[in-house]
Amino acid sequence: MTVVLVVAMSVPAFAALGEFISSPSGVPAPQIIDYKPLTDACQAKLVITPYAERHTLDDATRALIEKAYNDIVNSQVINNQLKEELVKLAADLKIDYSALAIGNLFDIGYYNCTEHTDHKGFTITIKPEIAENFVGMLHLNAEGKWELLDASFDEVNNTITFTVATLSPFAIVYNTNPGGSSSTGDSNFTW
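So, here is what we can say about the structure in this document. Just so we're clear, the structure is a prediction, and the values are computed from it rather than from any experiment.

**Description of the sheet that holds strand β4 (residues 122–127)**
Thinking step 1. Overall, antiparallel pairing links the four strands, which are arranged β1-β4-β8-β7 in an open sheet. Among the strands making up the open sheet, the edge pair consists of β1 (31–37) and β7 (151–154). Taken pair by pair, the neighbouring strands of this sheet meet at an average axis angle of 15°, ignoring direction.
Thinking step 2. Pairing between β1 and β4: six bridges, direction antiparallel. Looking at β4, one finds that K36 is bridged to T123.

As structure tokens, then:
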């Protein structure tokens, strides 16, 4: 089975496997609603940069978000790293894992923090334009490996909250077939 891959870009449309689509209103990235550094010494301010604005990032960060984009397009990379976790997540949520889609590729970075070198991480709350079919949050960590974060979805406020040790590219996993039939027993999941 395949997973449709989507990332927020600038043209609203629906796309086939391996193509990228925009959010319906063209909002390029989630909004940061709240965040808290995990160390009291940290005075950092967080900023989200969508993939479409990667040209504004420094060379190293731009290279990392471009790697994230390429990993999503070449879905085998994410499949190799997260297959078991995503199959389990779909089964736990009783959804058809063939309907999982990756969207809203963006980088979270910080500025205005010179007091220390070890940030210890952040708890972050974001509000993506489309949140009601949220399944999970992916993070490309500092070692260049994808991880599925422990994230919670607030249905009242349509916000996602997660804690992360390092900042870099993130993407949101959605269920593209809410209310559809479940198919959680097949262990031959492919992207």
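**With respect to unusual backbone geometry**
Phi is mostly negative for residues that are not glycine, and the peptide bonds are mostly trans.
Thinking step 1. A positive phi is found at K94, a non-glycine position, where the angle reads about 55°.
Thinking step 2. Relative to the helices and strands, K94 is located in the loop between α2 (76–93) and β3 (100–111).
Thinking step 3. Despite not being glycine, N158 has its phi angle at roughly 55°, a positive value.
Thinking step 4. Taking the relative accessible area as the measure of exposure, N158 reaches 27% and is therefore partly exposed.

**Observations concerning the sheet that holds strand β2 (residues 45–50)**
Thinking step 1. Judged by pairing direction, the sheet is antiparallel, and its five strands sit side by side in the order β2-β3-β9-β5-β6 without closing on themselves. The open sheet has two edge strands with one neighbour each: β2 and β6 (146–149). Direction aside, neighbouring strands of the sheet carry axes that sit 30° apart on average.
Thinking step 2. Here β2 runs beside β3; their pairing, made up of six bridges, is antiparallel. Its bridge partner being in β3, I48 is matched across the sheet by I108.
Thinking step 3. Along the sheet, helix α1 (residues 59–73) makes contact with β2, β3, β5 (134–140), β6 and β9 (169–175), crossing β3 at roughly 170°.

**As for the pattern of salt bridges**
Thinking step 1. With the rule as written, the count across this model stands at four salt bridges.
Thinking step 2. Taking the shortest distance from any N to any O, the salt bridge between R62 and D59 comes out at 2.5 Å. You can see R62 and its partner D59 sitting in helix α1, three residues apart, about one turn around the helix.
Thinking step 3. In this structure R62 comes out as partly exposed when scored by relative accessible area, which is 23%.
Thinking step 4. In this structure, D92 engages K88 in a salt bridge whose closest nitrogen and oxygen atoms are separated by 2.8 Å. Note that D92 and K88 are positioned in helix α2 at a spacing of four residues, about one turn of the helix.

**Here we look at the packing of aromatic side chains**
Thinking step 1. In this structure the tally under the stated criterion is four aromatic pairs.
Thinking step 2. For the pair F134 and F153, a centre-to-centre distance of 5.9 Å together with 35° between the ring planes defines the contact as tilted. Residue F134 is located in strand β5, and its partner F153 is located in strand β7; the two are separated by 19 residues in the primary sequence.
Thinking step 3. Classification of F153 as partly exposed rests on a relative accessible area of 25%.
Thinking step 4. Ring geometry for F162 versus F170: centroids 5.4 Å apart, planes at 45°, classification tilted.
Thinking step 5. Look at F162 and you get buried, because its relative accessible area is 1%.
Thinking step 6. Connected via pairs of aromatic rings, a cluster forms that spans F106, F162 and F170.

**Observations regarding the nonpolar core**
Thinking step 1. If you look at the biggest cluster of nonpolar residues, it comprises 22 residues, and the most contacted ones within it are I72, L100, L105 and W146.
Thinking step 2. Of all elements in the fold, only α1, α2, β3, β5 and β9 reach the threshold of two or more residues within this core.
Thinking step 3. Considering each element in turn, this core owes the most residues, five residues, to α2.
Thinking step 4. One finds I124, I160, I172 and Y174 within the second-largest nonpolar core, a separate group that totals 20 residues.

**Observations regarding the environment of L64**
Thinking step 1. Tracing the backbone shows L64 in helix α1.
Thinking step 2. Residue classification places L64 among the partly exposed positions, given a relative accessible area of 22%.
Thinking step 3. For the pair formed by L64 and D107, sequence separation is 43 residues and the distance between their alpha carbons is 9.0 Å.
Thinking step 4. Contacts of L64, omitting those with residues within four sequence positions, involve L140, S168 and P169.

Rules behind the numbers
Residues numbered from 1 in each chain as written. Predicted model: local features only at pLDDT ≥ 70, side-chain atom pairs only at ≥ 80, totals over all residues. Heavy atoms only, no water. Pairing = 2+ DSSP bridges. Helix = DSSP H or I, 4+ residues; strand = E, 2+ residues; numbered from the N terminus. Axes fitted to C-alpha atoms, helices over the stretch in contact; angles between N-to-C directions. Buried < 20%, exposed > 50% of the residue type's maximum accessible area, 1.4 Å probe, protein only. Contact = heavy atoms within 4.5 Å. Salt bridge = Lys/Arg side-chain N within 4 Å of Asp/Glu carboxyl O. Phe/Tyr/Trp six-rings, centres within 6.5 Å; stacked < 30°, edge-to-face > 60°. Core = buried A, V, L, I, M, F, W, Y, C linked by side-chain atoms within 4.5 Å.

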